[in-house]
Amino acid sequence: MSIFEYNGSALVAMVGKNCFAIASDRRLGVQLQTIATDFQRISKIHDRVFLGLSGLATDAQTLYQRLVFRHKLYQLREERDMKPETFANLVSAILYEKRFGPYFCQPVIAGLGDEDKPFICTMDSIGAKELAKDFVVAGTASESLYGACESMFKQDMEPEELFETVSQALLSSVDRDCLSGWGGHVYVVTPTEVKERILKGRMD
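Since we're looking at a predicted model, the values are computed, not measured.

Conventions and cut-offs
- Residues numbered from 1 in each chain as written.
- Predicted model: local features only at pLDDT ≥ 70, side-chain atom pairs only at ≥ 80, totals over all residues.
- Heavy atoms only, no water.
- 1 Å grid on protein atoms, 1.4 Å probe; cavity = no way out; pocket = protein on both sides within 12 Å on 5 of 7 lines; lining within 4 Å.
- Points joined across faces, edges and corners; volume = space filled by probe spheres on them.
- Helix = DSSP H or I, 4+ residues; strand = E, 2+ residues; numbered from the N terminus.
- Nonpolar A, V, L, I, M, F, W, Y, C, P; charged D, E, K, R; others polar.
- Expected span 1.5 Å × (residues − 1).
- Buried < 20%, exposed > 50% of the residue type's maximum accessible area, 1.4 Å probe, protein only.
- Contact = heavy atoms within 4.5 Å.
- Phe/Tyr/Trp six-rings, centres within 6.5 Å; stacked < 30°, edge-to-face > 60°.
- Lys NZ or Arg CZ within 6 Å of the ring centre and 35° of its normal.

Engineer: So what exactly am I meant to see when it comes to the layout of surface pockets here?
Structural biologist: Regions of empty space are outlined by a rolling probe, equal in size to a water molecule, passed over the atoms. By volume, the largest pocket is sized at about 350 Å³. Considering the residues around the largest pocket, the lining is formed by 17 residues, among which Lys-117, Pro-118, Phe-119, Ala-132 and Lys-133 are closest to the centre. For the lining of the largest pocket, the secondary-structure elements that each account for two or more residues are β8 (118–123) and β9 (129–132). Sort the elements by how many residues they give to the lining of the largest pocket and β8 lands first, with 3 residues. Class assignment for the residues of the lining of the largest pocket results in 7 nonpolar, 4 polar and 6 charged.

Okay, structure coming up:
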């Protein structure tokens, strides 16, 4: 078993019309044993940028603390919030810095940039970015997430339709992966509001 699969995870971010959704499962396991069913994988950096961290949970928490620290320094120095593209570059640089002993994480970054244009990207554990205009996935359920998102995604979805699509994609994908699941956690972000919802899924 790969170290990335040790705790299990499923993460997906999807763009809509001037909005985006980011969703994750809620299971924290140690291989096949479930430890917690309310684990938080998605974090708010500020109102327009969200970060999801799949992979080894201990490394995810350490990396998140470093990123919050660096973002607060940026806010003090620049007196503004980071744009999603800038934040993605920061995450990439921090990961690449540790490339010889990497954080075992696959981050998913989603945000609203200039003129409320949604931005999503994912990267590997050494910070090689993969940008997308539709959706990005990460975690142990990524293969089934690719299939579900590919078949359900439509251009320019409104926030409610985007929520339905990303939720269905997540729930149907984690049912095909025994290391992730136990419900879902979805954020839908528009220029004016952030909606957070908890999904109930199969409890096995």
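Engineer: Teacher, can you tell me more about the environment of Glu-164 here?
Structural biologist: Tracing the sequence through the fold places Glu-164 in helix α4 (residues 159–174). In the structure, Glu-164 is positioned 12 residues away from Met-152 in sequence and 10.0 Å away in space, judged by C-alpha atoms.

Engineer: What exactly am I supposed to notice about helix α2 (residues 84–97) here?
Structural biologist: Its 14 residues place the ends of α2 20 Å apart at the C-alpha level, agreeing with the 20 Å of an ideal helix rising 1.5 Å per residue. If you check which residues of α2 are buried, you get Pro-84, Phe-87, Ala-88, Leu-90, Val-91, Ser-92, Ile-94 and Leu-95. Residues of α2 that are buried make contact with β5 (42–46), β6 (49–55), α1 (57–78), β7 (105–112), β8 and β9.

Engineer: Mind showing me how you'd approach the packing of aromatic side chains here?
Structural biologist: Each aromatic ring pair is summarised here by two numbers: the centre-to-centre distance and the angle between the ring planes. Inspection of every chain in the model, using the stated rule, returns 4 aromatic pairs. Taken together, a centroid distance of 5.7 Å and an interplanar angle of 90° make the contact between Phe-4 and Phe-104 edge-to-face. A residue pair is termed long-range when its members are at least 10 positions apart, and Phe-4 in the segment before β1 (10–15) and Phe-104 in the loop between α2 and β7 qualify at 100 residues. For the ring pair Phe-20 and Phe-50, a centre distance of 6.3 Å and an interplane angle of 65° mean the geometry is edge-to-face. One end of the pair, Phe-20, is in strand β2 (residues 20–25); the other, Phe-50, is in strand β6, with 30 residues separating them in the sequence. Phe-50 shares its class with Phe-20; the two are buried. Feature note: the residues Phe-20, Phe-50 and Tyr-187 constitute an aromatic cluster, connected by ring pairs. Its end group placed over the ring of Tyr-96, Arg-99 keeps NZ or CZ at 4.2 Å from the ring centre.

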